[in-house]
Every structure is written in C-alpha cells, then in structure tokens.
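This is what each chain is made of:
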Amino acid sequence: MTQLQNAVVLITGAAGGFGQELTRQLLMAGSRLILTDLELDILQKQAETIQYEVKTGEIIAGIAADLSSLEGCQTLYQQVKALGIPVDVLINNAGIGLFGRMDEVPLAKWEQLMQVNLLTPMRLSAMFASDMIARKKGHIVNISSLAGWIAPAGMAHYSASKFGLRGFSEGLLNEVKAYNVKVTAVYPFFSRTPILQSESYGTLAQGLEGIPERWVTDPAKVMRQTIRGIIQDRSEVFPDAIAQITQVLKRYFPGLIGWLFEAWQ
C-alpha cells in the first residue's frame, strides 16, 4: 500500500478543479505537497486558502510551469530536484479539453492538447521514474478520463490523448513494477470542473451542453475515490458510477455503447 502520511507529492494542474481537491484531501492525509500550474499568483492564493482551512500536511513549494513543451517539463523537473527532496508520488493531473469535429478544430489547438494531455505525463513520468527506480520506491498517477475508453463525436482529439495515456500507463506499470514503483490510471466521467467550459468549434460545438446535470460528478467525491485507489495501489480507478458502468459495457457489450451514443446525439 502507498502511505500518504508525510509522503512528498507533486501535483500538476494544481489550480484546477481536480487539483484543488487533490491539494485539500492530500493535506488532510498529512502529505507534503509540491504544487505547479501556469499562474503562480492564482496557485499560491488557492493553496494558502486551502492550507488555512485544513491546517494539516504541508505545502513545500508552489512552482509556475508551462508544461506544454519539453523545455517546460525539463524546467519543472530541475526546479523540483533543486528542492533536494525526493518525490514519492507524481500526480499527472494537468490537462486541457476541446470539443468539435476533427477538421473544424484549429490544428494548433489540438496539437497543444496532445502535448499537455499525453506528452507531458509521458515526459514527467520518464524523468521522475528514473529517480523512483533508483530508490525502489514511488508511485505515478495519471489522471486520464472515461474518454480513454470511449470516443464520442466531437471528442476525437481529447479521446486520442486519453486513450494514449491509458496505453502508456499500462506499459509503464509493466516496466517499473519490478522496482517497487506503482502506476495508477484514473478514468473519471465529466466532473464539475472548468473543463466543462472548454473551447468548442464548428457544427458539434454545442455537444457538451447536452450532458444532463445529474450526470455531472462532484470533483470532491471523484478525488476521494482516486486517493483511495492510490493508497490501495490499484492500477485502474473508475471513481464514479457512470465510469464504472461504462467501462464494463465497453469491455463486454461494445455495441450497446454505440447505440447509447446515437441516442444521446
């Protein structure tokens, strides 16, 4: 099992909806956090508010980082290394969304999405895994999406990034488990976070508005289940009811998923 009390945890995308919940709940678990996001001022204000509310755990550092490039990932890695504190748990949470038909979304937009959602977790995992392998201790957590199992119309780019992250997580686990390094991939459904307000384009631009409010999940509950999965060293976490049901249907009744997509759209 992964012990979170006093564990050093690096969270990317820490200022977002899931990032704030991870910060809050890991502080409650007694973890020591390194937080990173694009805007340092926003990150620090949120972190100070959460730390004041929780009053347990520790925020070691807040780091501004643009992780949409190799250089940004390398800079973050060097800044974390400069702290002189080994990272026990890396949570690759940073991500962006887009909605629209493949040919109607600007190329630069979906290429940036692939950088942040897929290449960034791969880069950071490769960097920090080397340290974890040397120590024979560590845990890498990739926040994917249920879109890593299903690909509705309007989400080809997003699903490609999350399908890729799913495959990477599985392969990485098989490569590092011999060194006592754990890997967990998390597959939540749409949650009440800013990703629901992602940029939309073209004829499918209104797709996300069709999601019933009752389906949208509570990020606090989703991250509570995620942290439980991390502690239990689970390789896959489906942290809400829709994710759990959908992955079973996808595995055993894939035709039914297609029918449900058509009914939704």
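Heads up: the structure comes first, above all this text.
How each quantity is defined
- Residues numbered from 1 in each chain as written.
- Predicted model: local features only at pLDDT ≥ 70, side-chain atom pairs only at ≥ 80, totals over all residues.
- Heavy atoms only, no water.
- Helix = DSSP H or I, 4+ residues; strand = E, 2+ residues; numbered from the N terminus.
- Rg over C-alpha atoms; globule rule 2.2 N^0.38 Å.
- Contact = heavy atoms within 4.5 Å.
- Areas by Shrake-Rupley, 256 points an atom, 1.4 Å probe, with all protein chains shown as cover.
- Lys, Arg positive; Asp, Glu negative; His and termini not counted.
- Charge placed at Lys NZ, Arg CZ, Asp CG, Glu CD.
- Pairing = 2+ DSSP bridges.
- Right-handed = clockwise from strand over helix to strand, strands pointing away.
- Salt bridge = Lys/Arg side-chain N within 4 Å of Asp/Glu carboxyl O.
- Phe/Tyr/Trp six-rings, centres within 6.5 Å; stacked < 30°, edge-to-face > 60°.
- Lys NZ or Arg CZ within 6 Å of the ring centre and 35° of its normal.
- Buried < 20%, exposed > 50% of the residue type's maximum accessible area, 1.4 Å probe, protein only.
- Axes fitted to C-alpha atoms, helices over the stretch in contact; angles between N-to-C directions.
- Parallel < 35°, antiparallel > 145°, perpendicular 65-115°, else oblique.
- Left-handed = near helix turned anticlockwise from the far one by under 90°.
- Patch = residues over 30% accessible without salt bridge, like charges linked within 9 Å, V, L, I, M, F, W, Y side chains within 5 Å.

Quick look at the overall build of the chain now. Within the chain one finds 8 helices and 9 strands. Taking 265 residues into account, the globule formula puts the C-alpha radius of gyration at 18 Å, and the chain, at 18 Å, falls close to it. Taking the principal axes of its C-alpha atoms as reference, the chain extends roughly 50 × 40 × 35 Å. Across the chain, the fraction of contacts at a sequence separation of at least 24, relative to all contacts at a separation of at least 6, is 75%. Entry remark: accessible area of the chain is about 12,400 Å², with carbon and sulfur atoms responsible for 55%. The centroid of the 23 positive side-chain charges in the chain is displaced by 8 Å from the centroid of its 24 negative side-chain charges.

Right, let's get into the pairing of strand β3 (residues 58–64). The two faces of the sheet receive side chains in turn, since in a regular strand these alternate between them. Sheet topology note: the strand β2 (residues 32–37)/β3 ladder contains 6 bridges and is parallel. Bridge pairing in β3 places threonine 36 opposite isoleucine 63. With helix α2 (residues 40–54) bridging β2 and the parallel β3, this β-α-β connection has right-handed handedness.

Inspection of the entire model under this criterion finds 9 salt bridges. We note a salt bridge from glutamate 53 to arginine 24, for which the minimum N-O separation is 3.6 Å. Here glutamate 53 is found in helix α2, whereas its partner arginine 24 is found in helix α1 (residues 17–28), with 29 residues between them in sequence. Several salt bridges share partner residues, and in doing so they unite Glu21, Arg24 and Glu53 into one network.

Moving on, we get to unusual backbone geometry. Positive phi values are uncommon outside glycine, yet lysine 55 reaches one of about 65°. Along the polypeptide, lysine 55 turns up in the loop between α2 and β3. The residue lysine 136 is not glycine, and still its phi comes out positive at about 55°. Mapped onto the secondary structure, lysine 136 falls in the loop between α4 (107–135) and β6 (138–143).

What follows deals with the packing of aromatic side chains. With the rule as written, the count across this model stands at 5 aromatic pairs. Taken together, a centroid distance of 5.1 Å and an interplanar angle of 65° make the contact between phenylalanine 189 and phenylalanine 190 edge-to-face. Through a chain of ring-to-ring contacts, three or more aromatic side chains come together here, namely Trp149, Tyr187 and Phe238. The ring centre of tyrosine 52 lies 4.1 Å from the NZ or CZ of lysine 55, which sits over that ring. Between the NZ or CZ atom of arginine 166 and the centre of the ring of tryptophan 149, over which it lies, the distance is 3.6 Å.

This paragraph deals with the pairing of β6. Within β6, 6 of the 6 residues are buried, which leaves the element mostly enclosed by the surrounding structure. Relative to β6, strand β4 (residues 89–92) runs parallel, the two being bridged by 4 bridges. Paired with valine 89 across the bridge in β6 is histidine 139. In terms of strand pairing, β6 meets strand β7 (residues 181–186) through 6 bridges, oriented parallel. The residue of β7 that forms the bridge with isoleucine 140 is valine 183.

This brings us to the packing of helix α3 (residues 70–82) against α4. Packing of α3 against α4 leaves a shortest axis separation of 10 Å and a crossing angle of 30°. The pairing of α3 with α4 is recorded here as roughly parallel in orientation. Crossing handedness for the pair α3 and α4: right-handed. Between α3 and α4, the contacting residues are Leu70, Cys73, Gln74, Leu76, Tyr77, Val80 and Lys81 on the first element and Thr120, Arg123, Leu124, Met127, Phe128 and Asp131 on the second.

On to a nonpolar patch on the surface. On the surface, Val248, Tyr252, Phe253 and Leu256 cluster together into a nonpolar patch covering about 410 Å² of accessible area. Residue position: phenylalanine 253 is located in the loop between α7 (241–252) and α8 (254–264).

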